[in-house]
Amino acid sequence: LLNEKEAELRKLHNDVVDLRGQIRVAVRVRPLIKSEADASSSAIEYPAIDTIRINEGSKPGIVVKFEKVFTPVFSQKEVFANVEEFIRSSLHGYNVGLIAYGQTGSGKTHTMRGGNGEEEGIIPRAAAFLFAESRKLESLGWKFDFSLSFLEVYNNVAYDLLSDRAVVQLRLNDQTVSMIGLSEHTISNVSDVARLLRVADGGRKTAATKCNESLSRSHAVYMWKITAHQPSTGISTSCQLKLVDLAGSERAKESGVSGDQFKEMTNINQSLSILQMCISQQRSQKGHVSYRDSKLTQVLMDCLGRGNSKTMVVVNLNPCNEQATESKRSIEFASKMRSTNIGSAVQQRTLLGDVSQMSMN
Ligand code: ADP
Ligand code: MG
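The name given to the protein in an unreviewed UniProt entry is Kinesin like protein-15, with Caenorhabditis elegans as the source organism. The heading Subcellular location (unreviewed entry) in the UniProt record of the protein holds the text "Cytoplasm, Cytoskeleton". Per UniProt, the protein has the following entry under Sequence similarities (unreviewed entry): "Belongs to the TRAFAC class myosin-kinesin ATPase superfamily. Kinesin family."

When you look at the sheet that holds strand β4 (residues 59-65) in this model, what are you seeing that I'm missing?
In a beta sheet, neighbouring strands are held together by backbone hydrogen bonds and run either parallel or antiparallel to one another. Here 3 strands make up an open sheet; going across it, the order is β2-β3-β4 and the pairing antiparallel. Every other strand in the sheet has two partners, leaving β2 (44-48) and β4 as the edge strands with one partner each. Neighbour to neighbour, the strand axes of the sheet diverge by 30° on average, direction disregarded. Across 3 bridges, β2 lies against strand β3 (residues 51-56) in antiparallel orientation. Paired with Ile44 across the strands is Ile54, a residue of β3.

Sorry if this is basic, but what is going on with the pairing of strand β14 (residues 309-317) here?
Along any regular strand, the residues point their side chains to alternate faces of the sheet. With 9 of 9 residues buried, β14 lies mostly within the body of the structure. Across the two faces of β14 the burial is the same, with Ser309, Thr311, Val313, Val315 and Leu317 and Lys310, Met312, Val314 and Asn316 all buried. Pairing of strand β1 (residues 23-29) with β14 involves 7 bridges; the strand directions are parallel. Across the sheet, the residue bridging to Arg28 is Asn316, located in β14.

Just to check I follow, could you spell out the nonpolar core for this structure?
When a protein is soluble and globular, its nonpolar side chains tend to lie buried together. With 83 residues, the main nonpolar core has Val27, Leu98, Leu151 and Leu243 as its most contacted residues. The element contributing the most residues to this core is strand β12 (residues 219-230), with 7 residues. With near-sequence residues (within four places) excluded, Leu98 lies in contact with Val83, Phe86, Ile122, Leu243, Val244 and Met312.

It is not clear to me how the confidence of the model for the protein should be interpreted in this structure. Could you clarify?
Note: predicted coordinates in regions of low pLDDT should not be interpreted at a detailed level. Per-residue confidence for the protein gives a mean pLDDT of 83, with 84% of residues at or over 70. Taking the mean pLDDT of every element in the protein, the minimum, 25, falls on helix α10 (residues 344-360) and the maximum, 98, on strand β11 (residues 185-187). Across the interface, the model reports ipTM at 0.99; the global pTM reads 0.88.

Explain the site of ligand 1 to me, please; I cannot follow it from the model alone.
Close contacts around ligand 1 come from 14 residues, with Arg30, Gly107, Lys108, Thr109 and His110 the closest. Grouping the constituent residues of the shell around ligand 1 by class yields 2 nonpolar, 10 polar and 2 charged.

Can you walk me through the UniProt feature "binding site: ATP" (unreviewed entry) in the protein in this structure?
Mapped onto this numbering, the UniProt entry annotates "binding site: ATP" (unreviewed entry) at Gly102, Gln103, Thr104, Gly105, Ser106, Gly107, Lys108 and Thr109. Note on placement: Gly102 falls in the loop between β6 (95-101) and α4 (108-112). Judged by local crowding, Gly102 falls into the buried class, with 28 C-beta atoms found within 10 Å. When sequence neighbours within four positions are dropped, the list of residues in contact with Gly102 reads Gly107, Lys108, Ser249, Val315, Asn316, Leu317 and Ser330. Relative to the assigned elements, Thr104 resides in the loop between β6 and α4. For Thr104, a count of 17 C-beta atoms within 10 Å translates into the label partly exposed.

Definitions and cut-offs
- Residues numbered from 1 in each chain as written.
- Chains lettered and ligands numbered in written order.
- Predicted model: local features only at pLDDT ≥ 70, side-chain atom pairs only at ≥ 80, totals over all residues.
- UniProt positions renumbered as here; feature names shortened; annotations may be inferred.
- Pairing = 2+ DSSP bridges.
- Helix = DSSP H or I, 4+ residues; strand = E, 2+ residues; numbered from the N terminus.
- Axes fitted to C-alpha atoms, helices over the stretch in contact; angles between N-to-C directions.
- Buried ≥ 20, exposed ≤ 12 C-beta atoms within 10 Å, placed from the backbone.
- Core = buried A, V, L, I, M, F, W, Y, C linked by C-beta atoms within 7 Å.
- Contact = placed C-beta atoms within 7 Å.
- pLDDT = per-residue confidence, 0-100.
- Near = placed C-beta within 6 Å.
- Nonpolar A, V, L, I, M, F, W, Y, C, P; charged D, E, K, R; others polar.

The structure is reproduced here in structure tokens:
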């Protein structure tokens, strides 16, 4: 029985290793919500299973291919089934990042947190999945320890969401970042996670009300620290899983806001373009990667495409006609992250090739 289990584990492990060092970009389009469905129609179409077309007014739509397209019919459960392998890798010693990107109202929080029951998003589903999977590995003599930390980056300052929003100092070492003062909470079951999520939600809401700030103006990072050790061999690994609900990506310049709000939005726009730049630089393997340039990339550094890390960015889109320009921008963001990879010269050509070829049809 043990041999069978080991074989199964080895196969799983190989599947997991396959995804190493990769940055994947998926797209999720939410359905039109009731109030929108009356006034608007969808600007987004699906010419193929991995392709979307965004129509902007009467202009011919741009067509883009993705590694994965979650159309509006995808349930929360189906989305999770598609990211499960990524999450599993964190039990095998990889630093894993899963990042929701998109304008405010595009479905980032729905994707990451979601609602209750069937509507649960990736974060609560990941908790149930990790505990269940770790129990399987425990029968092979591994022991797991899990702890959680929740962090918010607002106006380029990091705050601890599980410790009265205390400021967290970041210190960069060569390969890692230390988060000084960030509280770590040991957890052993899903209700521990649910309790901490409630604490974090409460803290975020209170802070948002106090400064009259929108929740969409901060990046929320849900970090798991996972330690595995095998007493019989003395082997031990430790890694991190970071699940990220980014601040809204809409442009400060065109939003019509001014003063502090404009500054907030400029900070967000900047941190998101640094994130995109870091991912491109990492993929092009040219050496320097600008992690230091923003708190967000410092926090995410160890899961952004280095040796034992992997990242998936889910670009969320609002399908409304009036949002087509912002949706196109999100798609451009996604393409830039893919485009400077050495191996991706071909990939990009394919991407662009597909675009022009399909637009003509
Ligand atoms: P964001 O976090 O990007 O600002 P939200 O996750 O809050 O956006 O989503 C905006 C609205 O759309 C919410 O009312 C949310 O419940 C709804 N929504 C988002 N994604 C979906 C989906 N896949 N299915 C149904 N409703 C969704
Ligand atoms: Mg949100």
